[in-house]
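# Tertiary structure, described
Read off the chains here:
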Amino acid sequence: MPKINVKSLYIHIPFCKHICSYCDFCKMYYHEELANKYLTSLKSEIKSNYKNDLIDTIYIGGGTPSSLSLELLTKLFNILKMIKTSKSLEFSFEVNVSDITEELLVFLKTNQVNRISIGIETVNDKFLSLLERYHTKEEVYQKIMLTKQYFDNINVDFMYGFPGQTLDDLKDDLLFFETLEVTHISIYSLILEPNTKLFIHNVKPLEEDLEADMYFYIIEFLNKLGYIHYEVSNFAKKGYYSKHNLTYWNNESYYGFGLGATGYLNNYRITNTRSINHYNKGLFMLSKDYEDINIRMSNEMILGLRKIKGVNIKDFFNKYGKEIEEVFNIHDLVQQGLLKIKDGYMFIHKDYLYLSNQILERFIDIQE
Ligand code: SF4
């Protein structure tokens, strides 16, 4: 099989200075010595598995990558010197509001980072305390303005759907986010995942209809501000789509390094261990699953239909030698207008985006 050039690379830094009540990501409390050891293991993982591809997007996520001390960040960026990068590299780095300092920004800037992603979620005190995240409106504003002095490409995460949230609460948050004038906004509804503090404390989700209304309100609000809704949960100013995330939605190959990270290489989905003990012993991989053509076609649609533009019908045929409608039993969805076909693309009708998960489920099974 010819080797596919891999152009994206994700690195997971699983440390956080505090743990949020809703979080089910792969994370643990920051401990300098453990983090130092972790970076040494990360170096060996990259050294053994990175095959010298020319990388076009790097995403360092977590956890909280910015929880690392400057000394450990220096170690991390020294490790990254073994990665060959293209001239058009998009290099994203996740930071926590409270970690943003001029020193950190200068450091990241001088180390090729050109996109900063900041988890704000909300500036409503009541919901911040529910999430157990602690920043104030003023702090967020000041930190974003400081970040803008060094970076023009900034993503902020916006969360909605908190128990007890009203449309007025949502509007207040949106009006504040408007003042930040950033290039990219990712939106998420609060999901009460098992094994999180919120779930264990039996917190009840927001009523579904209200959550749907909020979703559509956010779309309308951000569209009016000139953000392009280009993926179910993502909005960007022109020219600022996340190249890295598009790799995922286009079902292309990528490296995933670090604790709990997932990679997709030569049709294998590779998942790393979530055990730091195993990881630090060099037992990086948990599973390696081959994806046959049926799984690949399903993923192509499930990931691709997250893009508002949808899936290019001809590209699908060229890649798999089959028509989408021959492979999947979706005739009724097309008939009812939930799935649209226009200008060579298949996409989810904007009025049904809120139901995208139910629609995407229909692409799990292949027609025999
Ligand atoms: S939400 Fe982010 S900052 Fe909070 S515990 Fe999870 S990974 Fe850490």
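The residue numbering used here restarts from 1 in each chain and proceeds along that chain's sequence as written. Owing to the predicted nature of the model, reporting of local features is limited to residues with pLDDT of at least 70; listing and counting of side-chain atom pairs is limited to 80 or more, with chain, interface and lining totals taken over all residues. Where side-chain values are given, they derive from all heavy atoms of the structure, hydrogens and water being excluded.

## Comments concerning the overall build of the protein
This is how the line gets drawn: Segments assigned H or I by DSSP are reported as helices when at least four residues long, segments assigned E as strands when at least two residues long, and all are numbered from the N terminus. The classification of residues rests on relative accessible area computed with a 1.4 Å probe and restricted to protein chains. Under 20% of the type maximum is buried, over 50% is exposed, and intermediate values are partly exposed. Any two residues whose heavy atoms approach within 4.5 Å at even a single point are treated as in contact. Areas reported as accessible are Shrake-Rupley estimates using a 1.4 Å probe. Residue values count occlusion only from the protein chains shown. The sign given to each residue is positive for Lys and Arg and negative for Asp and Glu; His and the chain ends receive no count. Think of each charge as sitting on NZ of Lys, CZ of Arg, CG of Asp or CD of Glu.
Within the protein, the secondary structure is distributed over 15 helices and 17 strands. C-alpha atoms of the protein, sized along the principal axes, occupy 55 × 55 × 40 Å. Within the protein, buried positions represent 52% of all 368 residues. Residue pairs at least 24 apart in sequence account for 70% of intrachain contacts in the protein once pairs closer than 6 positions are excluded. Per element, the accessible surface of the protein, about 17600 Å² overall, is 52% carbon and sulfur. Averaging the positions of the 41 positive and the 48 negative side-chain charges in the protein gives two centres separated by 7 Å.

## Quick look at the site of the ligand
The test is simple: Any residue with a heavy atom lying within 4 Å of a molecule or strand is counted as near it. All residues other than Ala, Val, Leu, Ile, Met, Phe, Trp, Tyr, Cys, Pro, Asp, Glu, Lys and Arg, Gly among them, are scored as polar; the first ten of these are nonpolar and the last four charged.
Contacts to the ligand come from Cys 16, His 18, Ile 19, Cys 20, Tyr 22, Cys 23, Phe 25, Lys 27, Gly 63, Thr 64 and Arg 133. A class-by-class count of the residues in the shell around the ligand yields six nonpolar, three polar and two charged.

## As for the packing of aromatic side chains
The test is simple: Ring pairs shown here join Phe, Tyr and Trp side chains whose ring centres sit within 6.5 Å, with only the six-membered ring taken for Trp; geometry is labelled stacked below 30 degrees between planes, edge-to-face above 60, and tilted in between.
Scanning the entire structure with this criterion turns up 22 aromatic pairs. With 5.4 Å between their ring centres and 85° between their planes, Phe 15 and Tyr 38 make a pair best called edge-to-face. In this pair, Phe 15 is assigned in strand β2 (residues 15-16) and Tyr 38 in helix α1 (residues 32-49), connecting sequence segments 23 residues apart. Just as Phe 15 is buried, Tyr 38 falls in that class too. Pairing Phe 77 with Phe 107 gives two aromatic rings, centres 5.5 Å apart and planes at 75°, and the pair type is edge-to-face. You can see Phe 77 sitting in helix α2 (residues 70-79) and its partner Phe 107 sitting in helix α3 (residues 102-110), a full 30 residues away along the chain.

## Description of the nonpolar core
Test applied: Here the nonpolar core consists of buried residues drawn from Ala, Val, Leu, Ile, Met, Phe, Trp, Tyr and Cys, with membership extended through side-chain atoms lying within 4.5 Å. Boundary definitions for the domains trace back to an automatic or database domain assignment.
Among the nonpolar cores identified, the biggest contains 94 residues, and Leu 76, Phe 77, Leu 108, Ile 118, Ile 120 and Ile 324 are the most heavily contacted of them. Looking at which element gives the most residues to this core, the answer is helix α8 (residues 208-224), with six residues. When residues of this core are assigned to domains, at least three map to each of domain 1 (8-248) and domain 2 (312-368). Beyond its immediate sequence surroundings of up to four residues, Ile 324 is in contact with Met 301, Val 311, Ile 313, Phe 316, Ile 330, Met 346 and Phe 363. Counting residues in hydrophobic clusters, the runner-up holds ten residues, among them Leu 131, Phe 162, Leu 190 and Leu 198.

## Regarding helix α6 (residues 167-180)
Counted only if it meets this: Take the number of residues in a helix, subtract one, and multiply by 1.5 Å to get its expected span. Picture the helix axis, draw a direction to every C-beta atom, and the arc is the one those directions span.
Helix length check: α6, at 14 residues, gives a terminal C-alpha distance of 20 Å against a target of 20 Å (1.5 Å per residue), a fit within 8%. Turning to α6, its buried residues number three or more, namely Asp 169, Leu 170, Asp 173, Leu 174, Phe 176, Phe 177 and Leu 180. An end-on view of α6 places all buried positions within 160° of arc, on one side of the element. Contacts from the buried residues of α6 go to β6 (115-121), α4 (125-131), α5 (137-148), β7 (154-160) and α8.

## Description of the domain arrangement of the protein
To keep it simple, the criterion reads: Buried area is a sum: the accessible area each of two parts loses on coming together, probed at 1.4 Å, counted once for each and added.
For the protein, the assigned domains are domain 1 (8-248) and domain 2 (312-368). Here the C-alpha centre of domain 2 lies 30 Å away from the C-alpha centre of domain 1. Taken together, the contact between domain 1 and domain 2 spans seven residues of the former and five residues of the latter. Around 500 Å² of area is buried between domain 1 and domain 2 when both sides are counted, 72% of it from carbon and sulfur atoms.

## Some points on α5
Taking 1.5 Å per residue, twelve residues should reach 16 Å; α5 reaches 17 Å between its end C-alpha atoms and fits that length. Of the positions making up α5, those classed as buried are Val 140, Lys 143, Ile 144, Leu 146 and Thr 147. One face of α5 carries all of its buried residues, which in axial projection span an arc of 160°. Opposite the buried face of α5, at more than 90 degrees from it, the exposed residues are Glu 138 and Gln 142.

## Description of the sheet that holds strand β12 (residues 262-265)
Stated formally: If DSSP finds at least two bridges between two strands, the strands pair. Where helices are involved, their axes are fitted lines through C-alpha atoms of the stretch in contact, as for all axes, and angles between N-to-C directions lie from 0 to 180°.
The strand order β12-β13-β14 describes an open sheet built from three strands, whose pairing is antiparallel. Where the open sheet ends on each side, the last strands, each with one partner, are β12 and β14 (285-290). Going from strand to strand, the sheet's axes swing by 15° on average, the running direction of each strand aside. Relative to strand β13 (residues 268-272), β12 runs antiparallel, the two being bridged by four bridges. For Thr 262, the partnering residue across the bridge sits in β13 and is Thr 271.

## What about the packing of α1 against α2?
Put simply, the rule reads: Roughly parallel covers angles under 35 degrees, roughly antiparallel covers those over 145, roughly perpendicular covers 65 to 115, and oblique covers all other angles.
Running from N to C, α1 and α2 cross one another at 5°; their axes reach a closest spacing of 10 Å. Accordingly, the angle class assigned to the pair α1 and α2 is roughly parallel. From α1, Glu 32, Ala 35, Asn 36, Leu 39, Thr 40, Leu 42, Lys 43 and Ile 46 reach across to α2, where they touch Glu 71, Leu 72, Lys 75, Leu 76 and Ile 79. Along the lines of polarity and charge, the residues of the contact of α1 with α2 split into seven nonpolar, two polar and four charged.

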